[in-house]
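# A closer look at the structure
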Protein chains: 2
Amino acid sequence: MSPIKHLDRALEQALKSHESAKGPALLSKAIRHAVFPGGARIRPQLTLAVAHACGNDDPQLSMASAIAIEMIHCGSLVHDDLPCFDDAEMRRGQTSVHKEFGERLAVLAGDALIVMAYQTVAAASRRSAQRLAPIIKTISEGVGAPFGIIAGQSWECESQAVLSDYQRSKTGALFAAATASGAQAAGADAQTWMGLGEWLGEAYQIADDIRDVLGDAQFLGKPSGQDEEHHRPSSAKELGLNGAVEHFDTLVGKAISSIPSCKGDVALKRLVAFEAERLLPSSWFQDDERHIAVVAQRQFA
Amino acid sequence: MSPIKHLDRALEQALKSHESAKGPALLSKAIRHAVFPGGARIRPQLTLAVAHACGNDDPQLSMASAIAIEMIHCGSLVHDDLPCFDDAEMRRGQTSVHKEFGERLAVLAGDALIVMAYQTVAAASRRSAQRLAPIIKTISEGVGAPFGIIAGQSWECESQAVLSDYQRSKTGALFAAATASGAQAAGADAQTWMGLGEWLGEAYQIADDIRDVLGDAQFLGKPSGQDEEHHRPSSAKELGLNGAVEHFDTLVGKAISSIPSCKGDVALKRLVAFEAERLLPSSWFQDDERHIAVVAQRQFA
C-alpha cells in the first residue's frame, strides 16, 4: 500500500472515531470535506519518512503524528479560504468548505481539526508516554504564536513584514514540525531533522508564489493571482521569476544535503526530489534560455 | 492572593511566553484582548477547586489545565462573536476582538488560543507525564467533535436540534472538562467529577438564556436578545421564564449533591452556590410572587 493510501486510511479511521449519529451531522460532513480528497499529503509523508529513517519503533505514534500534522494543515486551509482571507471558492479541485457548508461551519470545522490533531496524538501515546509532551511542543510551535503557521498567516495583517519571516512561518514552520515530530515519534532528536523541514517548507512556499504568478490554477486547485490581489508578500514579486526559481533550487539542495546518513536516507532524498519536481516541473522552463540554465544547476539526488 | 488573581498571573505568564519581538505584534495584541480582562473565570476556578479536593499533588499541572480550559473558552468566545455567528460588537464590557482587530486576526487569535492551551498543558507535564494523555483526551472531548463546545455551536447550523443536546455540548461539555481535568491533574478519577461540571454547565447555559431574555446587557458584557435574533434554541423560550428558573435551580442542586465528601468539599460547594447566585441573583425575582416560591426552594450549601 502506498504511503498516501496508508495515511488516508488512518485519517479515515480518526475522522470516524469523532463522528456520532447523535452529534451534529453537518459539522462531520464539513470536516470530511476539508480532509478528503487530499492534496499531495507531503507533510505527513515527511513525518513518516523521517520516523522510518529514525527506526520507527512506535509506528502507531508516528502515524498519529503524521495525520495530526495533516489535520492541522487541512484546518488551516479551511480558515485561509474564508471570505475574510482569500475568499477562495475552490480548493483541491472542489468547492471550498465555506462555499459548500457556509462560513460558520468552515470556522468550526477548522477549529475541530486542530483539536482532533492533538487528541489523535495523545490517544496513540500509550506505549511511549514520555514522547507525547515533546511532540505536542513541536507541533504547537509549528502552528501557534509567535512563529507557527497562524503567525505566518497573521503577518498578512501587519503593515510591514519581512519576506523570509513570513515564508518561514507561513509554510516552513509546519514542515519543520512534520519532520521533527517524525523523529520524536521514533524517540530520536528533533533538532537534527528540523532543517530539512524548514528548507523544504520555504521552497514549497516559493513554488506556490511562482505558480500563483504563472496562473496554474489547475495544479493549485484554487484560483491563481491571489498574492497580487491580496497584496501579500511574494518571492516571485520580490526576486523576480528567475530569482525565485533559483532560490527554490538552492533551498531544495540545502534540504537534501541536511539529510544525515541513515537507514532510509536514499528513499527520503528521492521523496524530496520527487516533490521538488512535482512542485516546479523542469519541463516548464525548457522553452526559455535563462531557465534552462537554472534547470541544469539542479542537483537532485 | 485570590484564585482569580492566581489564574490571571498564570495566564499572563503563558501569554508572555508566546510573544516575541520578532513575531507579528497584532496577533499577540488580539490574543491579549481575548484573554484580558477576564470574565468570572468560573471554569478554571472549578478546575483548581476540584484539583484541590483531590489532593493537588502537582499544582503546576492543575494550574496549566485550568488556564488551558480558560484559553479555549476565550478562543471560542472570539469565534462565536464573529460576524458569521453573533456579530457581537461587545464582549466582557469591551469591544469584541474582530471589532478591534478585524475579522482575520479574530479567526487567527481564536485558533492560536486553542493551540496555546495544549502547549501549556504539555509544558507542565514533566512531573506527571502519564497524566498528560488523559487530560488531553478530556479537554478535547469537551471542545471538539462530536460532543464538545464546537459541536454545540454547530448545532445552530443544523435544521433541527434537541435543546438538551445543544446545551450539553455548547456549555456543559467544557464545564465537564474543567472539573474532570482538575481531578486528572491531581491523579484522581475523572468520572467522579464529570457530573458536577455537566450539571453546572447546563445551569450556566440556562442562566445565559434567561439573562438574554431579561435583557441584562450590562452583566452579559454583550448585547442581549441574541437568541431570538439568531433563532437559537433557548430554554427560556422552550420552558418559559419560570420553568427555566426552576430548571436552573434543579441543576444547581444536582451539581452540589454530586460533590463527594472530600478535603475541599465545603469550599467547592460554596463556590458553586456563589456562582449560582451571581448568575441569577435571588433579588431579581423577589417582586414576583411566583418567583419567590422558586427562590425559597433553593438549597445552596
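Predicted model only: the values in this text are computed from it and were never measured.

### Observations regarding the packing of aromatic side chains
If you walk through the whole model with that rule in mind, you get 3 aromatic pairs over all chains. Taken together, a centroid distance of 4.2 Å and an interplanar angle of 10° make the contact between Tyr-118 of chain A and Tyr-118 of chain B stacked. Of the two residues, Tyr-118 of chain A is situated in helix α6 (residues 103-123) and Tyr-118 of chain B in helix α6 (residues 103-123); the pairing between them involves two chains. As far as the burial class goes, Tyr-118 of chain A and Tyr-118 of chain B line up, both buried. When the ring of Phe-175 of chain A is compared with that of Tyr-204 of chain A, the centres are 5.2 Å apart and the planes differ by 45°; the resulting orientation is tilted. Of this pair, Phe-175 of chain A sits in helix α9 (residues 163-185) while Tyr-204 of chain A sits in helix α10 (residues 191-214), and the two are 29 residues apart along the sequence. Each member of the pair Phe-175 of chain A and Tyr-204 of chain A is classed as buried. Across the ring face of Tyr-204 of chain A, the terminal group of Arg-43 of chain A is positioned such that the distance to the ring centre comes to 5.1 Å.

### Digging into the confidence of the model for chain A
Across chain A, pLDDT averages 90, with 92% of residues at or above 70. Between residues 289-301 of chain A, whose pLDDT stays under 50, and residues either more than four places distant or in other chains, the model counts 27 contacts.

### Structural notes on the environment of Glu-103 of chain A
Looking at the element boundaries, Glu-103 of chain A is found in helix α6. Taking the C-alpha atoms as reference points, Glu-103 of chain A and His-79 of chain A, 24 residues apart in sequence, are found 9.4 Å from one another. Beyond its immediate stretch of four places on either side in the chain, Glu-103 of chain A contacts Leu-82, Pro-83 and His-98 of chain A together with Cys-84 and Glu-103 of chain B.

### Digging into the relation of the copies chain B and chain A
Take chain B, turn it by 180°, move it 0.0 Å along the axis, and it overlays chain A with an RMSD of 0.0 Å. The transformation just described matches what one would write down for a two-fold rotation axis. Taken as a fraction of all interface residues of chain B, those also at the interface in chain A reach 100%, which identifies the copy contact as same-surface.

### Description of α6 of chain A
Side chains of residues three or four places apart in an α-helix project in the same direction, reflecting 3.6 residues per turn. Under the 1.5 Å per step criterion, the end-to-end length of α6 of chain A is 30 Å for 21 residues, consistent within 8% with the ideal 30 Å. Here α6 of chain A lies mainly inside the structure; 18 of its 21 residues are buried.

### Here's the deal with the pattern of salt bridges
For the structure on display, the rule yields 28 salt bridges over all chains. Residue Arg-278 of chain A is joined to Glu-275 of chain A by a salt bridge in which the shortest nitrogen-to-oxygen separation is 2.7 Å. Of the two residues, Arg-278 of chain A and Glu-275 of chain A are both situated in helix α14 (residues 265-279); the distance of 3 residues between them amounts to about one turn of the helix. Measuring nitrogen to oxygen at the nearest pair gives 4.0 Å for the salt bridge that ties Arg-232 of chain B to Glu-156 of chain B. With a gap of 76 residues between them, Arg-232 of chain B in the loop between α12 (226-229) and α13 (235-257) and Glu-156 of chain B in the loop between α8 (149-154) and α9 (163-185) connect regions that are remote in the sequence. The same class applies to Arg-232 of chain B and to Glu-156 of chain B, which are both buried. Within this structure, Asp-8, Arg-41, Glu-70 and Arg-92 of chain A form a network of salt bridges that share partners.

### Brief notes about the nonpolar core
The biggest cluster of nonpolar side chains holds 115 residues, and the ones touching the most others in it are Ile-31 and Ile-139 of chain A together with Ile-31 and Ile-139 of chain B. The residues contacting Ile-31 of chain B, other than those within four sequence positions of it, are Ala-145 of chain A together with Leu-15, Ala-109, Ala-112, Leu-113 and Met-116 of chain B. By size, the runner-up hydrophobic cluster in this structure holds 30 residues, among which are Ala-183, Leu-196, Val-272 and Leu-279 of chain A.

Thresholds, definitions, all that
Residues numbered from 1 in each chain as written. Chains lettered and ligands numbered in written order. Predicted model: local features only at pLDDT ≥ 70, side-chain atom pairs only at ≥ 80, totals over all residues. Heavy atoms only, no water. Phe/Tyr/Trp six-rings, centres within 6.5 Å; stacked < 30°, edge-to-face > 60°. Helix = DSSP H or I, 4+ residues; strand = E, 2+ residues; numbered from the N terminus. Buried < 20%, exposed > 50% of the residue type's maximum accessible area, 1.4 Å probe, protein only. Lys NZ or Arg CZ within 6 Å of the ring centre and 35° of its normal. pLDDT = per-residue confidence, 0-100. Contact = heavy atoms within 4.5 Å. Least-squares fit on C-alpha atoms with pLDDT ≥ 70 in both. Expected span 1.5 Å × (residues − 1). Salt bridge = Lys/Arg side-chain N within 4 Å of Asp/Glu carboxyl O. Core = buried A, V, L, I, M, F, W, Y, C linked by side-chain atoms within 4.5 Å.

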